[in-house]
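# Structural overview for review
Residue-level listing of the chains:
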Amino acid sequence: GQQLNQSPQSMFIQEGEDVSMNCTSSSIFNTWLWYKQDPGEGPVLLIALYKAGELTSNGRLTAQFGITRKDSFLNISASIPSDVGIYFCAGHQGGGSEKLVFGKGMKLTVNP
Amino acid sequence: DSGVTQTPKHLITATGQRVTLRCSPRSGDLSVYWYQQSLDQGLQFLIQYYNGEERAKGNILERFSAQQFPDLHSELNLSSLELGDSALYFCASRRASTGELFFGEGSRLTVL
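In this report, we go over the structure that sits alongside the text.

Quick notes on the rules
- Numbers given for residues are sequential positions, taken from 1 along each chain in its written order.
- Both sets of labels track the order of writing: A upward for chains, 1 upward for ligands.
- Reporting of local features is limited, given that this is a predicted model, to residues whose pLDDT is at least 70; pairs of side-chain atoms are given and counted only at 80 or more, and all residues count toward the totals for whole chains, interfaces and linings.
- For the side-chain quantities, the full set of heavy atoms in the structure was used; hydrogens and water were omitted.
- We call two strands paired when DSSP finds no fewer than two bridges between them.
- Helix numbering and strand numbering both begin at the N terminus, where a helix is a DSSP run of H or I of at least 4 residues and a strand a DSSP run of E of at least 2.
- To get an axis, a line is fitted to the C-alpha atoms, and for a helix only the part in contact is used. The angle between two axes follows their N-to-C directions and goes from 0 to 180 degrees.
- Pairs of residues are marked as contacts when any of their non-hydrogen atoms sit within 4.5 Å.
- Buried area is understood as the total, over both parts, of accessible area removed when two parts are fitted together, assessed with a 1.4 Å probe.
- Take a side-chain nitrogen of Lys or Arg and a carboxyl oxygen of Asp or Glu: if they are within 4 Å of each other, that pair is a salt bridge.
- Throughout this description, a polar contact denotes any pair of N or O atoms lying within 3.5 Å of each other; where both atoms belong to protein, one of them has to be capable of donating a hydrogen while the other can accept it, and for residues adjacent in sequence the pair is counted only when both atoms sit in side chains.
- Polar here means any residue other than Ala, Val, Leu, Ile, Met, Phe, Trp, Tyr, Cys and Pro, which are nonpolar, and Asp, Glu, Lys and Arg, which are charged; Gly is therefore polar.

## Quick look at the sheet that holds strand β3 (residues 19–24) of chain B
All names here are of chain B. The strand order β1-β3-β8-β7 describes an open sheet built from four strands, whose pairing is antiparallel. The two strands at the open ends of the sheet, each matched to only one other strand, are β1 (5–7) and β7 (64–68). Sheet twist, expressed as the mean angle between neighbouring strand axes with direction ignored, is 15°.

Here it is as structure tokens:
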């Protein structure tokens, strides 16, 4: 099935550092969503983006919907230990499709 | 708490058996999505229902089936289970106005 290309696959950072991750696709998406998953739990929605070029913040998180509508990035500033987890990007292609396609995830480790 | 309820949380069974996973969506949400997540893997879309009708199909095996009932709860039936079916199965419901998906805590299936 179709998936988004998410990178990097994993990151090891020190507490207080910033981290960036991105998702790309060969197809246009109408909506980009970023989720975080803690071990053994379901993904939790962090940020939703609905318009090309849109830049949205949620606390220390900032995400942007790419102008081409084929990519999105998520930044986490001043990381803390509880940021540890797997971050997924997801997108709706629209055009009648209600399927939400996910990236493979980025595993973040934060060293105190 | 996402408002999406999944049962059971854990299930251990043997190869060849059949199990049923249950999901209750958030109040007011008509769409239910099912995803499979194998160890260290991303979320694979299985199937989506909207108000009782199948709306989209992903990588769902023929041994698997689902339905959504008039009260909007959904069940995912997995039959002739194989070792490779061991995974986390997530249900999500979709907020119609924004397209955001809210996930349950998942059902962890172990096939021995």
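## Points about the interface of chain A and chain B
Each partner contributes residues to the interface: chain A has 19 residues there, and chain B has 21 residues. Counting the surface lost from both chain A and chain B, the interface buries some 1700 Å², and carbon and sulfur atoms represent 52% of this. For the pair chain A and chain B, the number of links is zero salt bridges. At the boundary of chain A and chain B, one finds five residue pairs in polar contact (both at pLDDT 80 or more). Sorting the residues of the side of chain A that touches chain B by element identifies β4 (31–37), β5 (44–49), β9 (85–94) and β10 (97–102) of chain A as the ones contributing at least two each. Broken down by element, the side of chain A that touches chain B gets its largest block of residues, four residues, from β10(A). The residue inventory of the side of chain A that touches chain B, partitioned by class, reads nine nonpolar, six polar and four charged.

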